[in-house]
Amino acid sequence: FDDFFYPYPKEGEEFDDDASWEEHGDGFEDREDWRRDNVNQLIAGVHEGIEATKPWVSFGISPFGIWRNDSTDPSGSSSSGLQSYDAQHADTRTWIQEGTVDYVAPQLYWERGFETADYEVLADWWAREVEGTGVDLYIGQAAYRVGEDGWTGEDALSTQLDYSGELPQVDGDVYFSIKNLREQAADAYAALADEHYGAPALPPLSDAPGGRGPLVGAVGGVTARAADEGVDVAWEAVDGARFYAVYRLPADAAAGSEEERCAAVTADNLVGLTGRTALTDTAPLEDGAGYVVTALDDYRAQGPVSEVADVRG
C-alpha cells in the first residue's frame, strides 16, 4: 500500500469526520487516537485476510519517511518534517511491532545531509525499528528527483545506496517511479545497477510456512550445452515450482561429493532466477563448470539441489 491513509494536511481544508466520530468513537477520549486505531484495524485486517487466503503473499506499506520527530517523541527520528503519525494517523511503528505488515518501504526521498530530513539519519532510524521484528525493510528511493539540485550526475542514486546498502537490516530498495527510471534517471540507474546490482539475488523467503520444508521436489533432466552466447542450461518442470534458481559450480565442487556440491550452492555462484525451464549463462566458460538447479515454491523456499550437468570449454 502507498502512504495514503487520512489525508495529508492542506491549508484551508479540514477533514470532516464529525458524523463518523460521533457514531463510532465510543471508547476513545481523543479523536486522533481513534483515527489511528481505524488505520491499525485496516492494516491488521488486510494482513489477516491475505494470510487466510494466500499466505505466501508478502503484505507491505510504503509510508511517509518520518514517523515522528524526536522533538515531539524522544523515540522518533532526528528530523523536523511532517510526522505521519500525527498528520496522517499512520502508526507504522505499531504495524511493525505487532507484525501486521511483512515489510515496510519508507519513502526516504531526501538526500544525504538534508537538514530537515537527512537520508542517513532516517535510514538508521528505520533500521533500528525493524531490527529483531521479522519485518523486512526496503528503502523507498526518489528516482523522480534525479536532475534536481543535489541529485545530479550518474551517482545521483548510487550515493544513497553507498550508505544504506551497508546497513544489515536493509534488504533492498524500491524506486519511485518506473517512468522516472526510464526517462530522466536512466543514466543514474544504469550506474546504480552496475555498482549495486551486479549480481542476481533470490527473492525474500516468506515467513508464513512456520518452519516447514519446501513444497517442491528436486529438479530433473538438467542439461548444459556450450553455445555461441554462453552456456544454455535447461531442465524439466517441477510441480508446484514458481521459480527456478540456476547455479554455476566451480569444476572442483562439481566433481566433488554431494555435500561439496550443496555447499557450493551460494549467492556467489547464483547465475540467475527464472520462471521458465531454461536459462543462458553468458559468463566465459574457460575450463568448464557444473550447473545445478533448484526449484522455489510460492513461499520462495528452495527445494533439493539437482544432479550436476557438466560442460567443457
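Scroll up to find the structure.
Residues numbered from 1 in each chain as written. Predicted model: local features only at pLDDT ≥ 70, side-chain atom pairs only at ≥ 80, totals over all residues. Heavy atoms only, no water.

Another point: the sheet that holds strand 11 (residues 309-311). Pairing is antiparallel in the open sheet, where four strands are placed in the order 8-7-10-11. Among the strands making up the open sheet, the edge pair consists of strand 8 (270-274) and strand 11. Going across the sheet, the axis of each strand differs from the next one's by a mean of 25°, ignoring polarity. As defined by bridge partners, strand 7 (residues 243-249) adjoins strand 8 across four bridges and the pair is classed as antiparallel. Across the sheet, residue A245 finds its bridge partner in strand 8, namely L273. (Pairing = 2+ DSSP bridges. Helix = DSSP H or I, 4+ residues; strand = E, 2+ residues; numbered from the N terminus. Axes fitted to C-alpha atoms, helices over the stretch in contact; angles between N-to-C directions.)

Here we come to the environment of W235. Structurally, the position occupied by W235 is in the loop between strand 6 (230-234) and strand 7. Judged by its relative accessible area of 6%, W235 is buried. On a C-alpha basis, the gap between W235 and G221 in space is 5.0 Å, while along the polypeptide they are 14 residues apart. If we ignore the near neighbours within four places in the chain, the residues touching W235 are V219, G220, G221, V222, Y244, V246, T274, R276, T277, A278, L279 and V293. (Buried < 20%, exposed > 50% of the residue type's maximum accessible area, 1.4 Å probe, protein only. Contact = heavy atoms within 4.5 Å.)

Of note, S306 is situated in the loop between strand 10 (289-296) and strand 11. From its side chain, S306 meets the backbone nitrogen of V293 in a polar contact 2.9 Å long. Residue contacts for S306: discarding those within four places in its chain leaves V219, V222, V292 and V293. (Polar contact = N/O pair within 3.5 Å; in protein donor to acceptor, adjacent residues only side chain to side chain.)

Quick look at unusual backbone geometry now. Residue S177 is bonded to the preceding F176 through a cis peptide linkage, with omega at 5°. Examined against the element boundaries, S177 turns out to sit in the loop between strand 4 (170-176) and helix 7 (178-182). Of note in this structure, H89 is not a glycine but carries a positive phi near 60°. Along the chain, H89 turns up in the loop between helix 3 (84-87) and helix 4 (92-98). Take H89: its relative accessible area is 3%, and that puts it in the buried class. Positive phi, close to 70°, is recorded for R300, a residue that is not glycine. Relative to the elements of secondary structure, R300 occurs in the loop between strand 10 and strand 11.

This part covers the sheet that holds strand 4. Read across the sheet, four strands follow the order 1-2-3-4 without closing on themselves; strand pairing throughout is parallel. Single-partner strands in this sheet number two, and they are strand 1 (60-61) and strand 4. In terms of strand pairing, strand 3 (residues 136-142) meets strand 4 through six bridges, oriented parallel. By the bridge assignment, L137 is partnered in strand 4 with V170.

Turning our attention to helix 5 (residues 119-130). Compared with the 16 Å implied by 1.5 Å per residue over 12 residues, the 17 Å span of helix 5 between its first and last C-alpha is a close match. Of all the residues in helix 5, the buried ones are Y119, L122, A123, W125, W126, A127, E129 and V130. In this fold, the buried residues of helix 5 make contact with helix 4, strand 2 (103-104), strand 3 and helix 6 (158-164). The N-capping residue of helix 5, defined by a side-chain oxygen 2.8 Å from the backbone nitrogen of E120, is D118. A positive phi of about 80° marks G132, the residue just after helix 5. (Expected span 1.5 Å × (residues − 1).)

Further remarks concern the pattern of salt bridges. Scanning the model with the defined rule gives 13 salt bridges in all. With a shortest N-O distance of 3.9 Å, E32 and R35 are connected by a salt bridge. Here E32 pairs with R35, and both are found in helix 2 (residues 31-53), just three residues apart, close to one helical turn. The class for E32 is partly exposed, based on a relative accessible area of 30%. A salt bridge links D73 to R68, with the nearest nitrogen and oxygen atoms 3.6 Å apart. Of the residues examined, D73 reaches a relative accessible area of 16% and is grouped as buried. Taking relative accessible area as the criterion, R68 reaches 13% and is therefore assigned buried. (Salt bridge = Lys/Arg side-chain N within 4 Å of Asp/Glu carboxyl O.)

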